[in-house]
Amino acid sequence: MLVTVGRLVPEKGLENAITVCNMLIEHNYDVKWYIIGDGVEKENLKKKIIEYDLQDKFILLGAQKNPYKWMKNCDIYVQTSKIEGFGITVYEAKMLAKPIVVSEIPAFQEQILNGVNGYLAKNNEIMYNKIVEIIENKDGIAEQFVENLKEENNRENKEELEKLYEVMDG
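In this report, we go over the structure that sits alongside the text. Numbering of residues starts from 1 in every chain and runs along the sequence as written. The predicted nature of this model means local features are confined to residues of pLDDT at least 70 and side-chain atom pairs, given and counted, to a pLDDT of 80 or more, with totals for whole chains, interfaces and linings taken over all residues. Computation of side-chain values covers all heavy atoms of the structure but excludes hydrogens and water.

Turning our attention to the overall build of the chain. The numbering of helices and of strands both runs from the N terminus, where a helix is a DSSP run of H or I of at least 4 residues and a strand a run of E of at least 2. Within the chain one finds seven helices and six strands. N-terminal to C-terminal, the α/β element order of the chain is β-α-β-α-β-α-β-α-β-α-β-α-α. Radius of gyration here is computed from C-alpha atoms only, and the compact-globule reference equals 2.2 Å multiplied by the residue count raised to the power 0.38. Its C-alpha atoms give the chain a radius of gyration of 17 Å, within 12% of the compact-globule value 15 Å for 170 residues. Projected onto its principal axes, the C-alpha positions of the chain cover 60 × 35 × 30 Å. The proportion of buried residues among the 170 residues of the chain is 46%. Only heavy atoms enter the contact rule, under which two residues are in contact if any of them lie within 4.5 Å. Pairs at least 24 apart in sequence give 68% of the contacts found in the chain among residues at least 6 apart. Total accessible area computed for the chain in this model is approximately 9300 Å², and 49% of it derives from carbon and sulfur atoms. Distance from the positive charge centre (21 side chains) to the negative charge centre (29 side chains) of the chain: 5 Å. The buried label applies to any residue whose accessible area, calculated with a 1.4 Å probe on protein chains only, is under 20% of its type's maximum; exposed applies above 50%, and partly exposed to all values in between. Only the protein chains shown count as covering a residue, and every accessible area follows the Shrake-Rupley method with a 1.4 Å probe. We treat Lys and Arg as the positive residues and Asp and Glu as the negative residues; His and chain ends play no part in the count. Lysine's charge is taken at NZ, arginine's at CZ, aspartate's at CG and glutamate's at CD.

One non-glycine residue, Asp 53, adopts positive backbone phi at about 55 degrees. Residue position: Asp 53 is located in the loop between helix H2 (42–51) and strand E3 (58–62). Judged by relative accessible area, Asp 53 falls into the exposed class, the value being 55%. Even without glycine at this site, Ala 97 takes up a positive phi of about 55 degrees. Positionally, Ala 97 belongs in the loop between helix H4 (88–95) and strand E5 (100–103). Among the residues examined, Ala 97 registers a relative accessible area of 9% and is labelled buried.

Looking now at the packing of helix H1 (residues 14–26) against H2. For every element, the axis is a line fit to its C-alpha atoms; helices are fit only across the contacting stretch, and the angle between N-to-C directions ranges from 0 to 180 degrees. Following both chains from N to C, one finds H1 and H2 inclined at 15 degrees, their axes separated by 10 Å at the closest point. Our classification of the angle between H1 and H2 gives roughly parallel. Handedness of the H1/H2 crossing: right-handed. Listed contacts from H2 to Leu 14, Glu 15, Ile 18 and Thr 19 of H1 are Leu 45, Lys 48 and Ile 49. Charged means Asp, Glu, Lys or Arg here, nonpolar means Ala, Val, Leu, Ile, Met, Phe, Trp, Tyr, Cys or Pro, and polar covers whatever is left, Gly included. Looking at the contact of H1 with H2 residue by residue, the classes come out as four nonpolar, one polar and two charged. Roughly parallel refers to an angle under 35 degrees, roughly antiparallel to one over 145, roughly perpendicular to one between 65 and 115, and oblique to any angle outside these ranges. Throughout, a crossing is termed right-handed when the near helix is turned clockwise from the far one, and left-handed when it is turned anticlockwise from it by less than a right angle.

Okay, structure coming up:
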């Protein structure tokens, strides 16, 4: 199960997610890709989903009170943004230690170490290939990403706690 969380706006590049999902289906990968969010692009995305006949594979769930249950249960978190300030949902997926594939934009380059805690993808074909690599090597690369993210989370949490203790002791 793939999950993307974000507003349905052009900046999020969700038309690219539909294209990548179609590539996965065409190559016989049995995936379901859930999109959590709402926005002005909803009708355009629905048309493209119908055009590719992906109604049961690429699913627009709308806004959810608790997107974390979807993120927590996904196999891969994917973000196809064309532009982003700071990727909050990518940060959240990192905290949940999920294998991550994101578009290669500056905000995500600051968050993802390519091949260490996720993958950066310059285009749809690379995104497709990286998702396939995770699917086909679930016990390898996906597990390694999860372990690296857990280590990173522990290290960052420890550093933040130390800063907090310094302030409290000061």
